[in-house]
Amino acid sequence: MTKKKQKNPQQTVPAEENGTTKAAERKPNKKERKAAEAKRQKELQAIRKKYNIVILIAALLAVIVSFSSSSLYGQDLYNWIQIGCYLLMGFCGGLMMYASRYEDTDKRKSSKHTMGLVFVVIALGMILSDLVRLFMQ
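Treat the numbers as computed from the prediction; the structure is a model and nothing was measured. (Residues numbered from 1 in each chain as written. Predicted model: local features only at pLDDT ≥ 70, side-chain atom pairs only at ≥ 80, totals over all residues. Heavy atoms only, no water.)

Draft legend 1. Broad picture of the overall build of the protein chain. Scanning the protein chain from terminus to terminus reveals four helices and zero strands. Out of the 137 residues belonging to the protein chain, those deemed buried represent 20%. Looking at the protein chain alone, contacts between residues at least 24 apart form 63% of all its contacts between residues at least 6 apart. Accessible surface, the protein chain: about 11,500 Å² in total, of which carbon and sulfur atoms supply 62%. (Helix = DSSP H or I, 4+ residues; strand = E, 2+ residues; numbered from the N terminus. Buried < 20%, exposed > 50% of the residue type's maximum accessible area, 1.4 Å probe, protein only. Contact = heavy atoms within 4.5 Å. Areas by Shrake-Rupley, 256 points an atom, 1.4 Å probe, with all protein chains shown as cover.)

Draft legend 2. Fine view of helix α4 (residues 106–136). Between the first and last C-alpha of α4 there are 45 Å, a value that for 31 residues agrees with the 45 Å anticipated at 1.5 Å per step. Listed in full, the buried residues belonging to α4 are Lys112, Gly116, Ala123, Ile127, Asp130 and Leu134. Against α2 (30–68) and α3 (76–99) lie the buried residues of α4. (Expected span 1.5 Å × (residues − 1).)

Draft legend 3. Region of interest: α3. Helix length check: α3 (24 residues) gives 35 Å between terminal C-alpha atoms against 34 Å at 1.5 Å per residue, within 8%. Taken together, the buried positions of α3 are Tyr78, Asn79, Gln82, Ile83, Cys85, Gly90, Cys92, Gly93, Leu95, Met96 and Ala99. Each element contacted by the buried residues of α3 is listed here: α2 and α4.

Draft legend 4. Layout of the nonpolar core. Ranked by size, the top nonpolar core spans six residues in total: Ile55, Ala58, Ala59, Cys92, Leu95 and Met96. The residues touching Ile55, leaving out its near neighbours within four places in the chain, are Cys92, Leu95 and Met96. (Core = buried A, V, L, I, M, F, W, Y, C linked by side-chain atoms within 4.5 Å.)

Draft legend 5. How the structure looks around a positive patch on the surface. Together, Lys27, Lys30, Arg33 and Lys34 make up a region of like positive charge exposed at the surface. By secondary structure assignment, the location of Lys27 is in the loop between α1 (15–18) and α2. (Patch = residues over 30% accessible without salt bridge, like charges linked within 9 Å, V, L, I, M, F, W, Y side chains within 5 Å. Salt bridge = Lys/Arg side-chain N within 4 Å of Asp/Glu carboxyl O. Lys, Arg positive; Asp, Glu negative; His and termini not counted. Charge placed at Lys NZ, Arg CZ, Asp CG, Glu CD.)

Draft legend 6. Here's a closer look at the environment of Lys112. By the secondary structure assignment, Lys112 is in helix α4. Between the alpha carbons of Lys112 and Tyr98 there is a distance of 9.2 Å; along the sequence they are 14 residues apart. When neighbours within four sequence positions are excluded, Lys112 is seen to be in contact with Asn52, Met96, Ser100 and Glu103.

Draft legend 7. Region of interest: a nonpolar patch on the surface. Taken together, Leu56, Leu60 and Ile64 make up a surface patch of nonpolar side chains, about 310 Å² in accessible area. For Leu60, the position within the fold is in helix α2.

Draft legend 8. Layout of the packing of α2 against α3. At a minimum axis separation of 9 Å, α2 and α3 run at an interaxial angle of 165°. In terms of orientation, α2 lies roughly antiparallel with respect to α3. Considering how the two elements wind past one another, α2 and α3 form a crossing that is left-handed. Of the residues in α3, those touching α2 at Tyr51, Val54, Ile55, Ala58, Ala59, Leu61, Ala62, Val65 and Ser66 are Ile81, Gln82, Cys85, Leu88, Met89, Cys92, Leu95, Met96, Tyr98 and Ala99. Residues that form the contact of α2 with α3 fall into these classes: 17 nonpolar, two polar and no charged. (Axes fitted to C-alpha atoms, helices over the stretch in contact; angles between N-to-C directions. Parallel < 35°, antiparallel > 145°, perpendicular 65-115°, else oblique. Left-handed = near helix turned anticlockwise from the far one by under 90°. Nonpolar A, V, L, I, M, F, W, Y, C, P; charged D, E, K, R; others polar.)

Pasting the structure below:
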């Protein structure tokens, strides 16, 4: 009996080795670019809105707690509550600095970052002064 020769299946060659290349991806046209930019701006605006709401709530909470604890003035608990409020305001400033990266213009980025830095510096200064006053009594 004779054996039949087995035919080797033809190996597939990738397109790069075969000499043919993929068609170059086309660039988006003007209408598609505008749509993509509008979508990006909407997403950034939603992110900015979320951060601004969190910042506003935290700042209002700090102010409300600070004013509502005024009946404890002169006690150590009052000083610790004030330190907590300043920490919360410093957190707001840090969050404002972080959220500045989502602003659309450089001027707004810079001003938001500076405002956040001012919040942080003032909060740290007030915390240090309250701590010194608390431990010097």
